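Architecture and fold: a report
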Amino acid sequence: MITTDAPSIGATVLGYPRQGDKRQLKKATEAYWAGRIDADELTRTCRDLRRRRWEEQAAAGLDELPSNDFSLYDHVLDTAWMLGAIPPRHRADGVADNDLDRYFAMARGTAEAEPLEMTKWFDTNYHYLVPELGPQTQFVLDPGKPLAEFTEAREAGHLTRPVIVGPLSFLLLSKPAADAPEGFEPLQLLDEVVEVYAELLGVLDRAGVPWVQLDEPCLVTDLSAEVLERFAAAYRRLSEIADRPKIMIAGYFDRLGSAWPVLAGSPIDGLAIDLTGPAAGNLEELTRLGGLPGKRLVAGLVDGRNIWSADLSAALDVGRQLVGLADRVDVAASCSLLHVPLDATAEAELQSSYAGWFAFARQKLDELVVLRRGLREGAAAVASELESSDAVRASRAASPLVTDPLVRARAAAIDGTELARSAAYSTRRAAQRDRWQLPDVATTTIGSFPQTSALRRMRAKRLRGEISADDYVDAMRQEIASVISEQEELGLDVLVHGEPERNDMVQYFAEQLNGFLATRQGWVQSYGSRYVRPPIIVGDVSRPEPMTVGWSTYAQSLTDRPVKGMLTGPVTMLAWSFVRDDQPLSDTARQVALALRDEVAELEAAGIGIIQVDEPALRETLPLRQQDRADYLAWAVESFRLATGIAAPSTQIHTHMCYAEFGDVLQAIIAMDADVISLEAARSKMAIVADLAAAGYPNEIGPGVWDIHSPRVPTREEILDHLRTAVAAFGDRVWANPDCGLKTRGYSEVRASLANLVSAARLVREQSAL
Ligand code: GLN
Ligand code: ZN
């Protein structure tokens, strides 16, 4: 037997995809909701899925497996449930007969009780449910789920590490309950909530849990010294507990920054960090601190959020620098593998042209095992694996599927003049008023009209080849004609074609652009039972053919009113795709922008003189650390301007953004210099209007006056109220529109709501001296 003083080296992951290889979880939960299977069958399916997930990870050779990373819906909701943070409306009698239905009521709502709000999990495309807390919240521990999963795993022969959202992040991700007093912040409940975690640790210890992983991703955001001190105190308290599992804190998605000294000085037993992408700087910070003597370090060497196979030589280099900086080092993915699809070998087409390029969750496990071996036994022991990893990188770099010299030359030739419209806004405004003769407070919509099931069936049939291309075009044209006549009858001023041909605003363009790939089984959880298949940007992007011109000009041929062209902007195209890791995001954005620029020019030439370029993701992908934001916003704005700068002064460029905290991006919104911006505003009661006015926003604006996320029909009076607020701030630069696309709504609500919108706009025109 060989004994050495070298620290022990292992391999683990922070979490694994939940859905199963055939999306069993989605199918089972949806079948349960529809009443097609009962709770027992749902439970059996989930148990089976969990067992297979553990088997997969163990078979790959991981040393320690996570548990409780599985969820029926969402891990933040699970945490709220575990802490007893169930809002009174979901506790009420009649909402549910049992715990399972009560849990789903919190997630999805019932006729009596609205669900919890849903929002983005950091800068990923996963959505979590936002717990609602107030001074009345009584935390009561229910350790059932983590305990049951731990026991279940142990019975299957795996000693697992339960994964639980930590107390600080739980509170920072929560929001004040509607009836909480002004000024209440969930963080005020830290001491109470920590006591529940203390109790939990005791329970887990008695069950034989050796390590627990407390996820604290909020540590990678800019926290004040005061919050960091409260965090430190919370973990001192948890560490003091005599009989408890070892505590590992996981802080992923970026650098730990000012949290580093607090973590290094904390009595916790282990720390999981991200060392990929912007978080690579953690290595330097850790080294500067002198490492984590006495602690366990879980090193996120493989990107858990992207689908590229890792550069194993580079990762091994980083790993080697870490060994010796801690007592024990585990190689891991940077974050839970929830954010990538399950298995690249399910993609036969990708495997043939791009062999070895992609590593989905299963393949990442293999990479980790190679890295562990390289660290334990030296690089020579994994020489052939390193060689093939290097070869993959070389083949990507040399591949004509990646590099398109024409695209590169064109991007390199940009000298800055392309980034500005040919005239200043005041000149453009005069030219546009002259050309379009629109009334003040002109009415329009955001783009999509209801996607009826007949429409979806039609697209599916086309995909399966059951109807001909011509029949499909006819069907879409019929739909466009009906959407145009609906809008004419309603009396809207600027019409849209309704986007019936689009499955998704990113996928639709990705399918038509060179440089993007589609997967067949690359499902990633968006929220609950909703999964998406993000496209992969594999190479230089170009536009072989017009993408929207046919549909838009057809729509325009049916009416005398202007029809607005509809494109998805570069930032959003990147945000909802897997992006290249071999060039800066700004380069990729620039290529997408050039493709869109050609589309703008072609729409314009075909007589479409109002063009909207949607950027709903602009705020979502804002870097988590303040210091990285200016760079990001600079290229984000530049790519929008590159896409739209070609438009003539009399062409009106619109943009649209969805609900977000716009406060951080006000200057960027101004710098985009769209002639008109529509934003979601109804839910926040027009707060954005005052913010943009205070920031000096100079162009036209359509703050959404109707919350399209609710089936409720807004009254004419409430729309009028919203419009008056907007007119008070922006005068005749205001537009009237809903606050997002209408694709998820039904026609009856849409008609009634738009009728109220049109009549409210008329009233405000008559009543205000514009
Ligand atoms: N034009 C798109 C639509 O109306 C915009 C959607 C979005 O902002 N998410 O559907
Ligand atoms: Zn929107």
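Preceding this section is the structure that the text describes.
Since the model is a prediction, treat every value here as computed from it, not as a measurement.

As a matter of local geometry, ligand 1 sits amid 13 residues, with Ser448, Glu499, Asp614, His656 and Gly741 nearest to it. Between ligand 1 and glutamate 499, the relevant distance is 2.9 Å, taken from a nitrogen atom to a side-chain nitrogen or oxygen of the residue. The separation between a nitrogen atom of ligand 1 and a polar side-chain atom of aspartate 614 is 2.7 Å. Protein burial of ligand 1: of its 300 Å² of free accessible surface, 94% is covered by the chains. A breakdown of the residues in the shell around ligand 1 according to their chemical character gives six nonpolar, four polar and three charged.

The subject of this paragraph is the nonpolar core. The biggest cluster of nonpolar side chains holds 122 residues, and the ones touching the most others in it are Phe170, Tyr197, Leu219, Leu238 and Phe358. The element best represented in this core is helix H8 (residues 190–206), accounting for 10 residues. Setting aside its immediate chain neighbours within four residues, leucine 238 contacts Pro167, Val194, Tyr197, Ala198, Leu201, Leu214, Arg244 and Ile247. Among the nonpolar cores identified, the runner-up in size contains 102 residues, and Ile670, Ala681, Leu692 and Cys740 belong to it.

Taken across its 10 residues, helix H5 (residues 99–108) has seven buried, putting it largely inside the fold. Taken residue by residue, H5 has Leu100, Arg102, Tyr103, Phe104, Ala105, Met106 and Ala107 as its buried positions. As for H5, its buried residues are in contact with helix H1 (24–33), helix H2 (39–60), helix H3 (75–82), helix H4 (88–91) and strand S4 (127–129). The opening residue of H5 is asparagine 98, an N-cap whose side-chain oxygen sits 3.2 Å from the backbone nitrogen of leucine 100. Two residues or fewer past H5, glycine 109 is found with a positive phi of approximately 80°.

Another aspect to go through is the coordination of the zinc ion (ligand 2). Reference values for coordination geometry: four tetrahedral donors around a metal ideally subtend 109.5 degrees, six octahedral donors ideally subtend 90 or 180 degrees. Protein coordination of the zinc ion (ligand 2) is provided by His656 (NE2), Cys658 (SG) and Cys740 (SG), with donor distances spanning 2.0 to 2.2 Å. Of note is the zinc ion (ligand 2), whose four donor atoms meet at the metal with angles of 85 to 124° in an arrangement that counts as irregular. Sequence spacing of the donors to the zinc ion (ligand 2): H-x1-C-x81-C. Within this pair, whereas cysteine 658 is found in the loop between strand S20 (652–657) and helix H25 (666–672), its partner cysteine 740 is found in the loop between strand S23 (735–736) and helix H28 (747–767), the two being separated by 82 residues in sequence. The same class applies to cysteine 658 and to cysteine 740, which are both buried.

Right, let's get into the packing of aromatic side chains. One pass over the structure, following the stated rule, counts 16 aromatic pairs. Ring geometry for tryptophan 33 against phenylalanine 104: centres 5.3 Å apart, planes inclined by 90°, an arrangement best described as edge-to-face. Taken together, the residues span a long stretch of sequence, with tryptophan 33 in helix H1 and phenylalanine 104 in helix H5 at a distance of 71 residues. Classification of phenylalanine 104 by relative accessible area gives buried; the value is 4%. Aromatic pair tyrosine 354 and phenylalanine 358: ring centres 6.0 Å apart, planes at 55°, arrangement tilted. A network of ring pairs unites the aromatic residues Tyr32, Trp33, Tyr73, Trp81, Tyr103 and Phe104 as a single cluster. Across from the ring centre of tryptophan 211, 4.6 Å away, lies the NZ or CZ of arginine 296, which sits over that ring. Its guanidinium or amino end placed over the ring of tryptophan 308, arginine 396 lies 3.7 Å from that ring's centre, counting from NZ or CZ.

What follows covers the sheet that holds strand S10 (residues 270–274). What the eight strands build is an open sheet, ordered S1-S12-S11-S10-S9-S8-S6-S2; its pairing is parallel. A single partner strand is all that each edge strand has here, and the edge strands are strand S1 (8–11) and strand S2 (65–67). For this sheet, the mean inter-axis angle between neighbouring strands, taken without regard to orientation, is 25°. The sheet contact formed by strand S9 (residues 246–251) and S10 spans four bridges and is parallel. The residue bridging isoleucine 249 from the neighbouring strand is leucine 271, located in S10. In the packing of H2 onto the sheet, the strands contacted are S2 and strand S6 (160–165), and the crossing angle to S2 comes to about 165°.

As a further point, take the sheet that holds strand S18 (residues 564–568). Taken in spatial order, the five strands of this open sheet run S18-S19-S20-S21-S22, and their pairing is parallel. Two strands in the sheet have a free side with no partner beyond their single neighbour: S18 and strand S22 (700–703). Neighbour-to-neighbour, the strand axes of this sheet turn through a mean angle of 20°, independent of strand direction.

Let us now look at the side chain of threonine 568. With respect to the helices and strands, threonine 568 occurs in strand S18. Leaving out residues up to four positions away in the same chain, threonine 568 has contacts with Met505, Val506, Phe509, Met573, Leu596, Val613 and Asp614.

We now examine the pairing of S10. Of all the five residues making up S10, five are buried; the element is thus mostly covered by neighbouring parts of the structure. Taken together, S9, helix H10 (residues 259–264) and S10 form a β-α-β motif whose crossover is right-handed. Judged from the five bridges that link them, S10 and strand S11 (residues 292–302) form a sheet pairing that is parallel. Its bridge partner lying in S11, alanine 272 is registered against valine 298. For the crossover from S10 across helix H11 (residues 282–288) to S11, the handedness is right-handed.

Definitions and cut-offs
- Residues numbered from 1 in each chain as written.
- Chains lettered and ligands numbered in written order.
- Predicted model: local features only at pLDDT ≥ 70, side-chain atom pairs only at ≥ 80, totals over all residues.
- Heavy atoms only, no water.
- Near = heavy atom within 4 Å.
- Polar contact = N/O pair within 3.5 Å; in protein donor to acceptor, adjacent residues only side chain to side chain.
- Areas by Shrake-Rupley, 256 points an atom, 1.4 Å probe, with all protein chains shown as cover.
- Nonpolar A, V, L, I, M, F, W, Y, C, P; charged D, E, K, R; others polar.
- Core = buried A, V, L, I, M, F, W, Y, C linked by side-chain atoms within 4.5 Å.
- Buried < 20%, exposed > 50% of the residue type's maximum accessible area, 1.4 Å probe, protein only.
- Helix = DSSP H or I, 4+ residues; strand = E, 2+ residues; numbered from the N terminus.
- Contact = heavy atoms within 4.5 Å.
- Donors = N, O, S within 2.8 Å, 3.2 Å for Na, K, Ca; no water.
- Tetrahedral: all angles 85-135°; square planar, octahedral: opposite > 155°, others 65-115°.
- Phe/Tyr/Trp six-rings, centres within 6.5 Å; stacked < 30°, edge-to-face > 60°.
- Lys NZ or Arg CZ within 6 Å of the ring centre and 35° of its normal.
- Pairing = 2+ DSSP bridges.
- Axes fitted to C-alpha atoms, helices over the stretch in contact; angles between N-to-C directions.
- Right-handed = clockwise from strand over helix to strand, strands pointing away.

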